[in-house]
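A structural walkthrough
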Amino acid sequence: MEYNFSAIEEKWQQYWAEHHTNTVDIDKKRPKLYVLDMFPYPSGAGLHVGHPLGYIASDIYSRYKRLKGYNVLHPMGYDAFGLPAEQYAIQTGQHPAITTRNNIERYRAQLDKIGFSYDWNREVRTCDPAYYKWTQWAFLKMFHSYYCCNAQQARPVEELIKHFEQQGTNGLNVACSEELHFTAGEWKAKPEAEQQQILFNYRLAYLGETVVNWCAALGTVLANDEVKDGLSVRGGFPVEQKKMKQWMLRVSAYAERLLAGLDTLEWSDSLKEMQRNWIGRSEGAEIHLPLFSSPPAPLPWERGDILIPNFEIRISIEKWQGLIERAKQFRREPTESEHLLWAALRNRKTGHKIRRQYIINGFIADFYCHAARTIIEVDGGVHNTKEQREYDEYRTNVLQECGFNVIRFTNEEVLTDINGVVEKVHTYLDNWSSPLTPLLKERGINGEDILPSPLGEG
């Protein structure tokens, strides 16, 4: 007998719809179970094979639990508010509201044909005002709150303002971006605009300046996992590191609570470990260094004697500040080859921590690896002149005398064979050696003993 799947599936899908088979009602007599799938982006002509690949497994589990007597809530929704929907609308030349609505209807029809047991009364559309009004509500709650470390919870900002008015920052134990110190009198004397700016230092939702992945072609900031080899995953457009003001959430304040909460969850060990790595708790130290007016003392990261005894340079505060500003400019305006190499070194799992535009002994290195004490330079057209070549040789000799390794590549090498260049860098770093390695080992010093760059990470 031939199996007429079209007729049979249509019959039972119609029966499920008419009898609300998958609709979930409150039933306190039965144990409850919530099974949630990742919502698809309605940003294409239809589902792809990756959607049912995961949905079928969760649907089987949901049906099994229903047969076991559980009251199972198994909803579906659409993540329709963001870059994918926006880009699809741009590509098709239609308004996002139209393309999103049409795509959702198509997705729904396809999901129904597969026969999933979703409760469509619980459908969620993130572009629906009835939905995103709650995300806006949550944002405002965080904006008007700070995190009290003593109570281990969010508290109203009004309480913090009252504390400032009575005690200033004395006795304050809260999560913040920067540790500030002022008295109650100093707080009251500040204009309101300055007070509001200070409160950003404590709010759970705050406006702050940070380096982001900016994609000019897409007109938006991208997350790290949306960037690959210096290009946007969606569209393959160039991405640059840019400092911008962004709304940020002080989720780091909850790190300890999130970690502790994992122990109470009935999750697999591998999933818990994944979450611990995502939370990424880190501990460190803050160092305060005095500045001397005359004669200027060498700053620690400028002094070769941190790693190599009897070698020291002295540099004026003005020149030091000038070096920092130049390094910042080089970071903002890298050459094409520097941008390409940085994207490759940063995004690949090299096993080596590498920084860019790093100040070493009065010089600005294109790239620097702490552990291998290795400087990586990219020589552009300016390096073809006799004067520049002589200066490069002098600079290399000085750095090598300080115990640093220096490897150089030309613009052409980087632009035409980036994979080859990266492979050479990896091989070099894996097998590095320093002319002062015996002396360093004798004194118990390794390549990580140098202090961090004054420009921070990156």
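All of these numbers come straight from a predicted model, not from anything done at the bench.

Let's shift gears to empty space enclosed by the protein. Applying the stated criterion across every chain, the model contains two cavities of 30 Å³ or more. Taken together, Gly230, Val239, Glu240, Gln241, Arg331, Arg332, Pro334, His339, Trp342, Ala343, Arg346 and Arg356 make up the lining of the largest cavity. Classifying every residue of the lining of the largest cavity by side-chain character gives four nonpolar, three polar and five charged. The space that makes up the second largest cavity amounts to roughly 40 Å³. Along the walls of the second largest cavity sit Phe330, Pro334, Glu338, Trp342, Arg356, Gln357, Asp366 and Phe367, which together make up its complete lining. Listed by contribution, the elements that provide at least two residues to the lining of the second largest cavity are helix H12 (336-347), strand E12 (354-360) and strand E13 (363-369). Residue composition of the lining of the second largest cavity, grouped by class: four nonpolar, one polar and three charged.

Per-residue confidence for the chain gives a mean pLDDT of 83; residues scoring 70 or more make up 84%. In this model, residues 293-312 is a region of pLDDT below 50 whose contacts with residues beyond four sequence positions or in other chains number 50 contacts. A low-confidence stretch, residues 445-452 (pLDDT under 50), is modelled with 23 contacts involving residues beyond four sequence positions or located in other chains.

This next bit is on the sheet that holds strand E8 (residues 220-222). Strand pairing within a sheet occurs via backbone hydrogen bonds; the two strands may be parallel or antiparallel. Across the sheet, three strands lie side by side as E8-E7-E11; this open sheet has antiparallel pairing. Of all the strands in the sheet, the pair left with one neighbour each is E8 and strand E11 (240-249). If you compare each strand with its neighbour and ignore which way they point, the axes differ by 55° on average.

Here we have four strands laid out as an open sheet, ordered E12-E13-E14-E15, and mixed in their pairing. Single-partner strands in this sheet number two, and they are E12 and strand E15 (405-410). If you compare each strand with its neighbour and ignore which way they point, the axes differ by 40° on average. Bridge analysis of strand E14 (residues 374-379) against E15 gives six bridges, and the strand direction is parallel. Residue pairing across strands places Thr374 opposite Asn405, the latter belonging to E15. Sheet strands touched by helix H13 (residues 386-401): E12, E13, E14 and E15. Its angle to E13, the strand with the most contacts, is close to 60°. Packing against the sheet, helix H15 (residues 418-430) makes contact with E12, E13, E14 and E15, and its axis sits at approximately 170° to E15.

Cut-offs applied
All chains use their own residue numbering, which begins from 1 and follows the written sequence. Given that this is a predicted model, residues contribute local features only at a pLDDT of at least 70 and side-chain atom pairs are listed and counted only at 80 or more, while totals for whole chains, interfaces and linings are drawn from all residues. Think of the side-chain values as coming from all heavy atoms in the structure, minus any hydrogens and water. Think of a 1 Å grid over the protein atoms and nothing else: a 1.4 Å probe that fits but is trapped marks a cavity, an open set flanked by protein within 12 Å on at least five of seven lines marks a pocket, and residues with an atom within 4 Å of a point count as lining. Grid points are joined across faces, edges and corners, and a volume is the space filled by probe spheres set on the points. In the scheme used here, Gly and all other residues not listed as nonpolar or charged are polar, with Ala, Val, Leu, Ile, Met, Phe, Trp, Tyr, Cys and Pro taken as nonpolar and Asp, Glu, Lys and Arg as charged. Here a strand is any run of E in DSSP of at least two residues, a helix any run of H or I of at least four, and the numbering for each starts at the N terminus. pLDDT runs from 0 to 100 and stands for how confident the predictor is about each residue. Between two residues, a contact is recorded if the distance between any of their heavy atoms is within 4.5 Å. Two strands qualify as a pair provided that DSSP identifies no fewer than 2 bridges between them. For every element, the axis is a line fit to its C-alpha atoms; helices are fit only across the contacting stretch, and the angle between N-to-C directions ranges from 0 to 180 degrees.

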